[in-house]
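Residue-level structural notes
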Amino acid sequence: TAACKQAMEKSRPLWDNPLQFVFACISYAVGLGNVWRFPYLCQMYGGGGFLIPYFIMLIAEGMPLLYLELAVGQRMRKGSIGAWKIISPYLCGVGVASVVVSFFLSMYYNVINAWAFWYLFHSFQDPLPWATCPLNSNRTGYEEECETTSSTQYFWYRQTLNISPSLEASGGVQWEQALCLTLAWLVVYLCILRGTESTGKVVYVTASLPYCVLIVYLIRGLTLHGAVNGLIYMFTPKLEQLSNPKAWISAATQIFFSLGLGFGSLIAFASYNEPSNNCERHAIIVSLINSATSIFASIVTFSIYGFKATFNYESCLNRVILLLMNTFDLEEGSLTADNLSEMKDYLMATHPQEYAHLSPQLKNCSLEAELDTAVQGTGLAFIVYSEAIKNMEVPQLYSVLYFIMLLMLGIGSMLGNTAAILTPLTDSRTIATRFSKEVISGAVCFINCVIGLIFTMEAGSYWFDIFNDYAATLSLLLIVLVETIAVCYIYGIRRFEKDLYTMTGRKPNWYWKLMWAFASPLLIISLFIFYLSDYILTGTLQYQAWDATQGQLVTKDYPGYALAMIGLLVASSTTCIPLGALVTFIRKRLKRESVSTTA
Amino acid sequence: MLRVLLLTLSVVAIAHAGLCKPDAQNAFKVRLSIKTALGDNAYAWDANEEYLFKAMMAFAMRRYSSKSTTQISNVLLCNVTDRVSFWFVVTDSSKNVTTIPGSEVEAAIRMNRNRINSAFLLSDKTLQFVKITSTLSPPVEPSTPVWLIVFGVVLCLILAGIVFLVVAGIRQHKKKNKKSTERENLEEKCEVTITVENGIPCEALDLKAGHINGVFAADDERFTSL
C-alpha cells in the first residue's frame, strides 16, 4: 500500500535536494589527486597531448562506471554491503572489500589534512617559517641541513615530518603532528556527526570553496612574472608520447582513481537519493566537472611552476653575475643576463687562469632544467607550492588561502570515505538498533585516529607512502571488475535496464550498455594485468628515503616486514570477495541441511 | 734643509704606499654594491666618498680604543676599482710605518658596523668587509609559538560545534522516541505485505512475467519452518 511504502522509505534519511547530492559527489571526487597528480601526468606524458588519452578514457571508462555505481546505489538504497547482497547473496564479499579499502584509506588520508592544518597554522607569521633557514647554534650561519637543501624542503622534511633516515628507524610520535591529526579527525566527526543532515550542508562549502581559491590563484598565477614559461611548457603537445603505452595506462588509472570508484562512497551517497533522481545526468555532470577541475588545477599549477622556475633561473643568473663581478672587480651593471655569455668568453680569453679557477662554481643556469623537475604528490603540494608562495607579495594571504583549499579538498574526500564505512554500519539492524549514529561515527573516528598516530612517527611518511601506493590500487581494480561483471552478467543487464526504467523513467541507451558489458571490463582487466606484471617484474619494491647529510632523497629497499604489510593490505581486501561467497555458500548449505533433516 | 724634508716625505710616502697593497698584512678588502642597494638613487664613488670612508674608519678606531690618536690621514686606501672595491689599512700614528693589527681593526668595525653602514646608506650585504663575517640576527620568537594559538582557537570552535550538535541530537532523540512507537505499529503491519525486507516490493519481481530466478528458487524461505 502507499502508506506502507511511505513508512518504509521515510525511515531512510535523504538529501534535502539533488544539488546536495551533486555537490557531495563533486566534493568527494575532486580531491588532492586533481591538484597534485594530474599536472604531473600531463607534464610526463606529452603536455597538451595527454588530454587525448585522458578524454578517451573518461568517455570509455569513467562515465559508464560512475553511472553504474550511482545507479546501483540509488536502486538498492543501501550501502555497499547491502546493495551487493541484493544483487546476489554471494557478492556480499564485494561490499565488505569496499568497506575494508575505505577503512584503509581513511586511516592514512586524514594525515594529509593534519599536515595542511600544520602549514595553515604556521602561515600566520611574518616572515613565513619556510622562507628562511634557521640559524645554527653559534649563530655564524644557517643550519647545515638547511644549507645543503632549500629552506622549504628543510621545513617539510625536518620541521614538519622530522623524518628519519629509513623505515626501520621509527622514532617516536611527534606530538605536534598528533595534535593536528586529532584536530583533523574532530573536524571530520563534526561534519559526519548527524549523517546526511550535517554532511549535506558541509558539502556546499567543501565543494565550492576550492573553486573560489583556484580562481584567485589563477588570476594571481597568470599575472606572476614568468608564468607564461610554465604554461607554454605544459601546453606544447609532445604527440610522440601518445605512442608510449604508459601514457594510456596512466590516463586510465588517473580517471579510475580520480572518480573514487569502488570505495562504496558513491553507492552510499546515491542510496540517500530519491528513487526518481536522474542519476545519468548527474554522472555525466560529476565526471565532466572532475576532469575540468583537473585541467583547471593544472593551469594554475603550471603558472606557479613557471614562476618558480623563472625565479630560480634568474637567481642562478644573478649569483653567477655577482661571482664574476666580485672576482674580476667589474663595474656594477656591466654584466647583465643578456651579455653574460659574451662577457664570459671575453673573461676566459683575457684572464684564463682566474677563470679556470672559478669555473667549477659557475653553473650553467637553464630555464629548461628548472621546468623539467617534475614533482607529484606531497612534494608538489607542500614543497613546490610553498616555495612559490614565499616569493609572492603578501605571502601570508596566499598561503592561508592555499592551505584552506587543500583542507577543503581533503575533508570533502574524507566525508565520502567515512560515508562508505558508516552507511553499511548504520544499515545493518544489529548495530543500528543498539548504538546511535553519533556513537558509531565517534567510534569509527576514534579508532582511525589512534591507528593514524603511526603516520605521525618519524618514519610515518614512509608508512604513508606504503598505504598510498598499495592499499587501494590493485584491490579497487578487482572490486570494480567484479562489480561490473556482477551487474551485467549475474544480475542481468536487461533486468538492470528495466529497474532503471521503473525507477527514473528512462532507459539507458545502447552506448551505456555496450560500455558496461564490454569496454569497461576489458579496460579494467588490461589495467589489472599491467599492474600485476609490473609488480612481478620489478622484483623488490623500493622507496625514497630522505638523507639529511646529502639533502636529497635516496632510494632504498623495503625491509621484510614492510613487504609483509603490503601483502597483507592487498590480500585483506581482495580475499574478502571469495571469502564472502564461500561463507554465504556454507551458510546456505547448513540451512538447507538443517531444514531437510527436520523435514 | 728643503732637500732633507723632501727626501723624508718621499720615503714616508713610499713606505706608506708599501703598507697598503692587496693582501698586505692587516689590510682589508672592502666591496660596495651601491647600485644594487640604491638603484636610481645611487651616488657615484668619488674622492669625497673616500674621505668619508676614511673618516668613518678613524671614528671606529677612536670609539673602540678610546684613544684620540687615530687621524684620517692614518687610514690608507688603495686599488680602487670600478666594482667599487678597494683595500685599506690603518697605520699607527705613534709608531712609524706600522699598521694597527688586523684583529683590532676587525673588532672596531664589528662594534660600529651599524654606524658605518648607515653613513653610506648601505647594509651588511651591500657594504662588505671581505674577511669580516657579520653575526646574523636571530629571528624574533614570541613566548608561545603563534601556531599553537591558532590551533587552540580552531580546536575550541570545533569542540563547541560538536557539543552543540550532540546535545541537539539527544534532544531530537527524545522527541523521536515518542513518535517512533506509533510508527512501529504501522511498520509491523507493512512487514506482512512485503515479503523481501530490503525495500524491493514484490511487484518488481512480477515484471519477469512468470520466470523464476534460479537463485531465489533455491531460497529456503519458501519452505515454512516446522
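Definitions and limits used
Residues numbered from 1 in each chain as written. Chains lettered and ligands numbered in written order. Predicted model: local features only at pLDDT ≥ 70, side-chain atom pairs only at ≥ 80, totals over all residues. Heavy atoms only, no water. Disulfide = S-S within 2.5 Å. Helix = DSSP H or I, 4+ residues; strand = E, 2+ residues; numbered from the N terminus. Buried < 20%, exposed > 50% of the residue type's maximum accessible area, 1.4 Å probe, protein only. Expected span 1.5 Å × (residues − 1). pLDDT = per-residue confidence, 0-100. Contact = heavy atoms within 4.5 Å. Salt bridge = Lys/Arg side-chain N within 4 Å of Asp/Glu carboxyl O.

Glancing now at the state of the cysteines. Residue and element names in this part refer to chain A. Tallying each qualifying case throughout the model produces two disulfides over all chains. Put simply, cysteine 133 and cysteine 146 are joined by a disulfide, and their sulfur atoms are 1.9 Å apart. Across the S-S bond linking cysteine 133 and cysteine 146, the dihedral sits near -85°, which makes this disulfide left-handed. You can see cysteine 133 sitting in the loop between α7 (92–121) and α8 (144–148) and its partner cysteine 146 sitting in helix α8, a full 13 residues away along the chain. The burial state of cysteine 133 is the same as that of cysteine 146; both residues are buried. Sulfur-sulfur distance for the disulfide between cysteine 316 and cysteine 365 comes to 1.9 Å.

It is worth spelling out helix α2 (residues 18–29) of chain A at this point. All names here are of chain A. Across its 12 residues, α2 extends 17 Å between first and last C-alpha, which sits within 8% of the 16 Å expected from 1.5 Å per residue. The element α2 is extensively covered by neighbouring structure, given that nine of its 12 residues are classed as buried. The complete set of buried residues in α2 reads Gln20, Phe21, Val22, Ala24, Cys25, Ile26, Ser27, Tyr28 and Ala29.

So, on to the confidence of the model for chain B. Residue and element names in this part refer to chain B. Confidence along chain B averages 76 in pLDDT terms, with 71% of residues attaining 70 or more. Residue range residues 203–209 is modelled with pLDDT below 50. Its contacts to residues more than four positions away, or to other chains, number five contacts. Here the predicted complex scores 0.83 on pTM and 0.83 on ipTM.

Turning to the pattern of salt bridges, a few remarks are in order. All names here are of chain A. Per the stated rule, a full pass over the model turns up 12 salt bridges over all chains. Salt-bridge contacts for glutamate 197 lead to arginine 194; the nearest nitrogen and oxygen are separated by 3.9 Å. Its relative accessible area of 9% is what places arginine 194 among the buried residues. A salt bridge links lysine 513 to glutamate 497; its shortest N-O distance comes to 2.9 Å.

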